[in-house]
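# Remarks on the overall topology
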Amino acid sequence: MNDSAHGDGKGAASTARGIASRAAMAENTSRGLIVLILLFLLLIGIIIAFSRTFIITVAGTDPAASTAALVVAVVLPLVLMGVTAFQLVRLVRQRALRIPGAGLRLRLLLFFILVAVLSAGPQAMLGITFVNSAMGTWFSSSIGEALRSARDLVISYYNERVDSLASFMDGPLAPSLLAEFSASPERTWQGVQALNQGIGALQVFGPDGREIAFAGDPRARLAAAPAMGGIQREDRTDVVILRDGKTVRAGTRVVTAVASALLSTDLFTNVRRITQSLTVFTALDQYRDLFRLVLVGFFFLFSLPIFFITILVSLLLTERIISPIAHLEDATRRVAEGDFSFRILTRPRDELAALVDSFNGMIAELERSRRKLLQAERITAWQEIAQRLAHEIRNPLTPIKLSAQRLLKKYGEKTVEFEKVLQPAVASIITEVDNLETMLREFGNFAKLPVPMPAAVPLRGLLEEVGAVYRHLSATVHIELSEVPETLSVSADRDQMKRVFANLFTNAIQAMPEGGTLTVHVDTVKKAQKGYCRVAVRDMGVGIPEADLDRIFDPYFTTKKGGTGLGLAIVRRIVFDHGGNVWAESDGSRGTTFFIDLPTAAPSPPSAVPNPPSAAGGPAAGGPAA
Amino acid sequence: MASAAAPAARAQAIELSMAPRGPGLTALTSFLGFRWARTEEVADSLRRGLESRITFTTRLYEHRRPAFAFAGDRLIAERTVVRSAFWDFLEQVFVLEEEGSQQKTYTDPSELIRGFFSLEETFTFSSPEAAHRALYVAARARFEPVRLMPPLTLVGLAGAAATVTTPWVKRDAP
C-alpha cells in the first residue's frame with residue numbers, strides 16, 4: 001500500500017496526521033478484505049456442508065432452526081446488498097467529483113461484475129435447466145402412469161384372488177363338494193384343486209367346532225372354527241391368508257367349511273413400495289410448478305450473498321490496485337501546482353515501489369533545481385533592483401549637487417546674485433529630495449507587503465468605497481459600477497484589495513486627462529473546479545502600446561513622468577498572493593482593460609458582512625499608481 | 001413460510017387434559033387432542049395418495065421449589081409419538097401407522113381424524129410416592145398436512161404444505 005508525505009519539516013504535524021490516517025485506512029482496507037474473504041469461504045463451506053440439511057429442515061421440522069436459517073438467508077443478502085449499494089454509490093460519487101482513480105476503479109469493478117455474471121449466469125441456467133429436465137424425465141407423466149398401472153395391476157390381482165375365493169364358496173358346486181370333502185378329504189381336495197387352483201387350503205369343522213377334515217397348505221390350518229362374516233384376512237410375517245367360511249349340510253350334520261387363499265407377503269410389501277412412490281410422485285406432481293419457482297428463489301438465496309461479497313472483494317481489490325496509481329496522480333498534480341515537498345511512501349514489496357522511488361527521486365531533483373533557479377533569479381532581481389535604485393538615486397543627486405555647487409559658488413563670489421539663486425536652488429534640492437523620499441517609500445511599501453488575511457468581502461461594497469474617493473478627486477471622470485452584482489463576494493484581504501483597486505482607478509483617471517468613463521464589469525468564471533470572480537476595469541484613455549503590455553507589471557517600469565513603476569507591480573504581487581491572476585488588454589489607442597481573477601467566497605449572512613468605512617483603507621493606503 | 005403458517009396457526013391448537021390420580025396409583029395419564037379446522041382436506045389429500053404426519057411430544061415435569069426455580073423445572077420423562085396416515089388402495093381404507101405399534105385401518109374419515117389427532121399417554125412410576133409429587137405435563141404437536149420428501153420440502157418456503165407446530169401447553173397433574 002502506498003502512502004504519501006511531505007518531505008520537509010513544514011507542516012510536519014499535518015503530514016504526520018495524513019500518514020497516520022492513510023496508514024489506518026490501508027490497515028482497515030486490508031482487514032476488511034481479509035474479513036470478506038473469510039466470510040466468503042465460510043459461506044461457501046456452509047453451503048457445501050449444510051445444503052442438504054438446510055433443504056430438509058427448511059420445511060419446518062425444527063421451527064427454531066428453520067426460522068434462524070430463514071433470518072440468515074434473508075438478512076445476510078439484505079445487509080450485503082446495502083453495503084454493496086453504499087460502496088457503489090460512493091464510488092460513483094467519487095467519479096463525479098473526479099477523485100483520482102475513481103473512474104478506473106469503477107470500470108474495473110464493472111468488468112469484475114460482468115465476469116461474475118457471465119460465469120454465474122450460465123451455471124445457474126444450466127443448474128435450473130438440469131433440474132427441470134430431470135424432473136420432466138424422472139418424474140414424467142409416463143412414470144406416474146406406470147406406477148399407477150403397477151398399483152392397479154396388484155389391486156386387480158388381489159381382487160381376482162378374493163373374487164375367486166368368494167365365487168368358489170358361493171358357487172353351485174360348493175355345497176356338494178364341501179359335503180363330500182367331509183367324508184373323503186384327499187380325493188375331494190384334488191377335485192377342488194382342479195376346479196380352482198387359487199384355493200390354498202380347505203378345512204371343515206363340525207358343529208362342535210372341532211376339525212373334521214383338512215387339506216392343502218398347513219400354514220392356513222385353524223385350530224377352531226372361525227366366526228363367519230365375509231372374507232377375512234390374516235397377515236403373518238411369511239404369508240397373508242384370505243379366508244371365506246360357509247355353513248353346509250353334510251349328510252345329517254351341519255358343518256362349517258373354510259376355504260383359504262395364501263398370498264405372498266412380497267405382494268403387500270411391493271404394494272406399500274408402489275404406494276410410497278406414488279405418494280412422492282403425487283406430491284411432486286401437485287407442487288411441481290411451485291417447486292420450480294422456489295428452486296430459482298433458493299438459488300438466488302444462496303448465490304446473491306456470494307455475488308455481493310464478490311463485488312465487495314472486487315471493490316477492495318481495485319482500491320488496492322488503484323491506490324498507488326491514484327497517489328501518483330495526486331502527487332503529480334500537487335507537484336504541478338508547485339508543491340515540491342510532497343513524497344509518496346511505499347512498502348518495499350510493493351510492485352510499484354520502483355516507480356514510486358523514481359518519482360520521489362525526480363521530485364527531489366526538481367526541487368533542488370527549482371531552489372537553485374529561485375536563488376539565481378533572486379540574485380538577478382536584486383542586482384536589477386540595485387542597478388535601478390542606484391540609477392534612480394543618482395538622477396536627483398546630479399541636480400542636488402549642481403544646485404549646491406552653484407549656491408556655494410555664488411556665496412563665495414559674494415555677489416548680489418546669491419539672493420536670486422538661493423531660492424530656486426534650494427527649491428530644486430527640496431523637490432529632488434522629496435522625489436527621493438517618495439521613491440524610497442514606494443519601494444518600502446512594495447517590499448513590506450504583509451501576508452494577506454483573506455475573508456469574504458462583498459465586491460460591490462468594496463468598489464463603491466474606493467470609487468467614492470476617486471469621484472471627489474476627479475470631476476471629469478465618471479466611475480460606472482452598475483455591472484457589479486450586489487451579492488458577489490471574494491475571498492480577499494480587504495485593505496490589500498482596496499490598494500489594488502486604488503492603483504487601477506488612479507491609472508485609469510490619469511489615462512483620461514480630458515475626462516471619460518471608468519467602467520467596472522464583473523463576471524464569475526470556473527477554473528479547475530474552483531469559482532473565480534473576474535473583475536474588468538476599463539478606461540477610455542490613450543491605451544498602452546502592445547510592446548509595453550508585457551512589462552507594465554515589472555517593478556520600476558513606468559511610462560509616466562514622475563512615476564515610480566511600482567504601482568502595478570504591487571497590484572500583481574497582491575493578486576498573486578490571493579491565488580488570483582491579473583493581466584491587461586489594450587489596442588494601443590482606445591483605452592485599456594485590466595482583468596483581475598479572484599477566488600470567490602461563499603455569500604455571508606448580512607450581519608457577518610463587514611463594510612465599514614475604513615480610516616486606513618482609502619486609496620491613499622496604496623498610494624497612487626506609478 | 002411464517003406468513004402462510006400464521007392463518008393456519010389461528011385455526012389449530014392442542015388440547016391437554018389429565019386423568020385424576022387416585023390414591024395408590026402409580027401412573028399418570030394425559031389426553032392430547034389436536035384441533036385442525038380443515039379435516040376434510042386431510043382426508044381428500046390422503047385419498048389422492050398423499051401422506052400426512054403428526055408428531056406428539058409429551059413431557060412430564062416436576063415443579064422445583066421456589067428456592068431452586070432459577071434452575072428450571074425437572075424433566076422426568078419425555079415421549080414422542082409419530083403417526084402417519086395414508087390411503088390403502090388395496091383394501092380401500094385409511095391406514096394409521098404409528099412407530100412401534102400395529103397399523104389401524106379406518107373406513108370412515110371422521111374416525112380416522114379422531115384416531116389420528118388424539119393421543120393417550122401414560123407415564124408410569126416406580127412407587128406411589130413418586131406419583132404424588134408436584135407434577136405437570138407439557139405437550140406440543142407438529143402436524144404435516146402433506147408429508148414431503150426432500151428437496152420438495154423447499155415448497156414450504158412458499159407457504160405450501162406448511163408444517164404447523166402448536167405452542168407448548170401445560171397442565172398440572174390433578
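First, a word on what this report is: a plain description of the structure on this page. (Residues numbered from 1 in each chain as written. Chains lettered and ligands numbered in written order. Predicted model: local features only at pLDDT ≥ 70, side-chain atom pairs only at ≥ 80, totals over all residues. Heavy atoms only, no water.)

The secondary structure content of chain A amounts to 13 helices and 14 strands. Of all 626 residues assigned to chain A, the portion counted as buried reaches 40%. Within chain A, contacts between residues at least 6 apart in sequence are counted, and of these 67% link residues at least 24 apart. Carbon together with sulfur atoms contributes 62% to the accessible area of chain A, which is approximately 34500 Å² in total. (Helix = DSSP H or I, 4+ residues; strand = E, 2+ residues; numbered from the N terminus. Buried < 20%, exposed > 50% of the residue type's maximum accessible area, 1.4 Å probe, protein only. Contact = heavy atoms within 4.5 Å. Areas by Shrake-Rupley, 256 points an atom, 1.4 Å probe, with all protein chains shown as cover.)

Residue and element names in this part refer to chain A. With mixed pairing, the five strands of this open sheet are ordered in space as β9-β11-β12-β14-β13. The strands lining the two open edges of the sheet, one partner per strand, are β9 (477–483) and β13 (581–586). Taken pair by pair, the neighbouring strands of this sheet meet at an average axis angle of 20°, ignoring direction. Here six bridges tie β13 to strand β14 (residues 592–599), and the two strands are oriented antiparallel to one another. Counted as the bridge partner of V582 is I596 from β14. Relative to the sheet, helix α10 (residues 459–473) contacts β9, β11 (516–527) and β12 (530–538), its axis offset from that of β9 by approximately 170°. Across the sheet, helix α13 (residues 567–577) touches β13 and β14, and the angle it forms with β13 is around 135°. (Pairing = 2+ DSSP bridges. Axes fitted to C-alpha atoms, helices over the stretch in contact; angles between N-to-C directions.)

Bringing the packing of aromatic side chains into the picture now. Applying the stated rule across the entire model yields 17 aromatic pairs over all chains. A ring pair is formed by F111 of chain A and F112 of chain A, whose centres lie 6.3 Å apart and whose planes are at 50°; its orientation type is tilted. For F112 of chain A, a relative accessible area of 26% translates into the label partly exposed. Centre to centre, the rings of F307 of chain A and F308 of chain A are 6.1 Å apart; their planes meet at 55°, and the pair counts as tilted. Looking at F307 of chain A, the relative accessible area reads 22%, which means it is partly exposed. Overall, the relative accessible area of 9% leaves F308 of chain A in the buried class. Taken together through their ring pairs, the aromatic side chains of F34, W36, F116, F117 and F143 of chain B make up a single cluster. (Phe/Tyr/Trp six-rings, centres within 6.5 Å; stacked < 30°, edge-to-face > 60°.)

This paragraph deals with the interface of chain A and chain B. Counting from both sides, the interface comprises 31 residues of chain A and, opposite them, 27 residues of chain B. Summed over both partners, the interface of chain A with chain B buries about 2800 Å², with 72% contributed by carbon and sulfur atoms. If you look at where chain A meets chain B, you find two salt bridges. Our count for the contact surface shared by chain A and chain B stands at four residue pairs in polar contact (both at pLDDT 80 or more). For the side of chain A that touches chain B, the secondary-structure elements that each account for two or more residues are α1 (12–57), α2 (63–96), α4 (141–170) and α7 (265–336) of chain A. Broken down by element, the residue count for the side of chain A that touches chain B peaks at 17 residues, all from α7 of chain A. For the side of chain A that touches chain B, a count of residues per class yields 21 nonpolar, seven polar and three charged. (Buried area = accessible area lost by both parts, 1.4 Å probe. Salt bridge = Lys/Arg side-chain N within 4 Å of Asp/Glu carboxyl O. Polar contact = N/O pair within 3.5 Å; in protein donor to acceptor, adjacent residues only side chain to side chain. Nonpolar A, V, L, I, M, F, W, Y, C, P; charged D, E, K, R; others polar.)

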